[in-house]
Each structure stands twice: as structure tokens, then as C-alpha cells.
Amino acid sequence: MPDKMKARAEVAVYLKRYDEAEAIYREIDRKDLAIQMRKRIGDYPRVVQLLQTGGGNDLLMREAWDKIGEQYADKFKWRKASQYFRQSRNMERLSDCLYRLEMFNELAELRLDMPDGTPLLNTLAGRFAALGMHEEAVDCFIRCSNVKAAIDCCVIQNRWDTALELAETHDYPQVEGLLARYAINLMNKGKRLEAV
């Protein structure tokens, strides 16, 4: 290496004296090399500290937060992981953490921050349906343009009024069959007047 200071820093990295290598990089005003070195060894908390003092961009910061979140998720520390995934705006991993923490209200709020048609909405809809949160499930299915799944979710959870409303609103072609199933359901419960 023609640059002696860089060579010294690389030797320090090889000898696992990372703080010394970082000090050399900072001395020669190459914070970018210090950040690269910290990324290479997986010291993402230090990467965040270096980025906060200047020398990086938002994309690098989000990547570092995401990596820290992954480290906590690998250790099953979902609460800490969720904090970093929120900062990195990794909605998929954040939703997974919130689901594992059983923070369903926050998960319901998270769905509102997602643009329509996002594949993650379909996953969330399935989770909400399994939890019996039909309103949230229906919202997610509708935003994914999956009206049939929204209606099926309502039927499974005996939310017939919502199912009929969705079928009429979205011109669902099999609304007659849905009405017949609803009438049979009411007859089985002994509610003949409502069935008529």
C-alpha cells in the first residue's frame, strides 16, 4: 500500500485491534473506511455512532439499524428488535416482531402506514383473520384487492351483515349463494323471521 497510515490501519484490523484501526482512519480523515471496517466485523452499534457524527447517508443508517434489529431477533429479543426495525422502516420484520410480542393493536396501527397492494397486507390479513380481528382482516384484504377473501373471512367468523355489505358494495357475482347460506344459517339458529 502506498499510504503508510492505511497500511498501519489494515495491520491493526488484521491483529483485531479495531479501536486502534478506527483511530488511524479518523486521523487521516477517512471515516468512511472506519465505517466499512466496522461493517465488515459486524459492529453495527458502532457504525450507527460513526454515522451519527457525520460521514454517511440515510441508506447506510437504515441498513445499520436493520442489522442491529436482526441481531436482536436472532437472540429472540423481539421488543428490542422491533425498536430497530421501526427505525429502519422494515415493515415486514417489524410486523413479525409485533405479532410475536402479541401487540395486536400496534400491528393494526402498522397496517395503516402501508400503501395499498403491498404483499405484506395479505400476510397481515391472514394473521388478523386467525386472531378473530375481522375488521382489520377485511381492511387488509380489500386494500390488496382480494374481495373474495374478505367475504370468506366474514362468513367464517359469522359476520354475515359485513359479508353481505361487502358483496353488494363490490358487485360480488355470487351474492345470491351468500344470501342462501346466510338464510340457512339463520334457520338453523331458529331465527325464521330474520331468514325471511
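The structure under discussion appears in the preceding block.
Only a predicted model underlies this, so the values are computations on that prediction, with no experimental measurement involved.

### Quick notes on the overall build of the protein chain
Across its full length, the protein chain carries 14 helices and zero strands. Ordered by position from N to C terminus, the α and β elements of the protein chain give α-α-α-α-α-α-α-α-α-α-α-α-α-α. Relative to its length of 196 residues, the protein chain is extended, with a C-alpha radius of gyration of 27 Å against a globular reference of 16 Å. Principal axes of the C-alpha set define a box for the protein chain whose edges measure 90 × 30 × 20 Å. Expressed as a percentage of its 196 residues, the buried residues of the protein chain come to 38%. Here the analysis covers contacts within the protein chain between residues at least 6 apart in sequence; of these, 28% occur between residues at least 24 apart. Carbon and sulfur atoms provide 49% of the accessible area of the protein chain, an area that totals close to 11900 Å². In the protein chain, which carries 31 positive and 31 negative side-chain charges, the distance between the mean positions of the two groups comes to 7 Å.

### Here's the deal with the pattern of salt bridges
Oppositely charged side chains may form a pair once their charged atoms are brought near each other. Tallied over the full model, the rule gives 17 salt bridges. For Arg 30, the salt bridge identified is with Asp 32, shortest N-O distance 3.0 Å. A relative accessible area of 36% places Asp 32 in the partly exposed class. Members of the salt-bridge network, linked through shared partners, are Asp 19, Glu 22, Arg 26, Arg 38, Asp 43 and Arg 46.

### A look at the packing of helix H6 (residues 78-88) against helix H7 (residues 91-100)
Packed helices, taken two at a time, are described by the angle their axes make and the gap between the axes. Between H6 and H7, whose axes approach to 9 Å, the crossing angle comes to 155 degrees. The orientation of H6 with respect to H7, classified from their angle, is roughly antiparallel. Considering how the two elements wind past one another, H6 and H7 form a crossing that is left-handed. Residues Trp 78, Ala 81, Ser 82, Phe 85 and Arg 86 of H6 touch H7, and the partners they reach there are Arg 93, Leu 94, Cys 97, Leu 98 and Arg 100. By residue class, the composition of the contact of H6 with H7 is six nonpolar, one polar and three charged.

### Things to note about H6
Along H6, the residues classified as buried are Trp 78, Ala 81, Ser 82, Tyr 84, Phe 85 and Ser 88. Contacts from the buried residues of H6 go to helix H5 (58-74) and H7. Residue Arg 89 follows H6 closely and has a positive phi angle near 60 degrees.

### Concerning the side chain of His 134
Considering the arrangement of structural elements, one finds His 134 in helix H10 (residues 134-143). By relative accessible area, His 134 is classed as buried at 10%. Setting aside anything within four residues of it in sequence, one finds His 134 in contact with Cys 153, Cys 154, Gln 157, Arg 159 and Thr 162.

### A word on the nonpolar core
Of all hydrophobic cores here, the largest spans 34 residues; its most connected members are Leu 124, Phe 128, Phe 141 and Ile 151. Among the elements of the structure, H6, H7, helix H8 (104-112), helix H9 (119-131), H10, helix H11 (147-156) and helix H12 (160-169) are those that each provide at least two residues to this core. Per element, the largest residue contribution to this core is seven residues, and it comes from H11. Within the second largest apolar cluster, 20 residues are counted, among which are Ala 9, Met 37, Val 48 and Leu 51.

### Thoughts on a nonpolar patch on the surface
A surface patch of nonpolar side chains, about 360 Å² in accessible area, is lined by Val 11, Tyr 14 and Leu 15. Relative to the helices and strands, Val 11 is located in helix H1 (residues 4-14). Since its relative accessible area comes to 47%, Val 11 is described here as partly exposed.

### Thoughts on the packing of aromatic side chains
The way to describe two aromatic rings as a pair is by their centre distance and the angle between their planes. All chains considered together, the criterion is met by three aromatic pairs. Over the ring of Tyr 99 we find Arg 127, and its NZ or CZ is 4.3 Å from the ring centre.

Reading the values: the criteria
- Residues numbered from 1 in each chain as written.
- Predicted model: local features only at pLDDT ≥ 70, side-chain atom pairs only at ≥ 80, totals over all residues.
- Heavy atoms only, no water.
- Helix = DSSP H or I, 4+ residues; strand = E, 2+ residues; numbered from the N terminus.
- Rg over C-alpha atoms; globule rule 2.2 N^0.38 Å.
- Buried < 20%, exposed > 50% of the residue type's maximum accessible area, 1.4 Å probe, protein only.
- Contact = heavy atoms within 4.5 Å.
- Areas by Shrake-Rupley, 256 points an atom, 1.4 Å probe, with all protein chains shown as cover.
- Lys, Arg positive; Asp, Glu negative; His and termini not counted.
- Charge placed at Lys NZ, Arg CZ, Asp CG, Glu CD.
- Salt bridge = Lys/Arg side-chain N within 4 Å of Asp/Glu carboxyl O.
- Axes fitted to C-alpha atoms, helices over the stretch in contact; angles between N-to-C directions.
- Parallel < 35°, antiparallel > 145°, perpendicular 65-115°, else oblique.
- Left-handed = near helix turned anticlockwise from the far one by under 90°.
- Nonpolar A, V, L, I, M, F, W, Y, C, P; charged D, E, K, R; others polar.
- Core = buried A, V, L, I, M, F, W, Y, C linked by side-chain atoms within 4.5 Å.
- Patch = residues over 30% accessible without salt bridge, like charges linked within 9 Å, V, L, I, M, F, W, Y side chains within 5 Å.
- Phe/Tyr/Trp six-rings, centres within 6.5 Å; stacked < 30°, edge-to-face > 60°.
- Lys NZ or Arg CZ within 6 Å of the ring centre and 35° of its normal.

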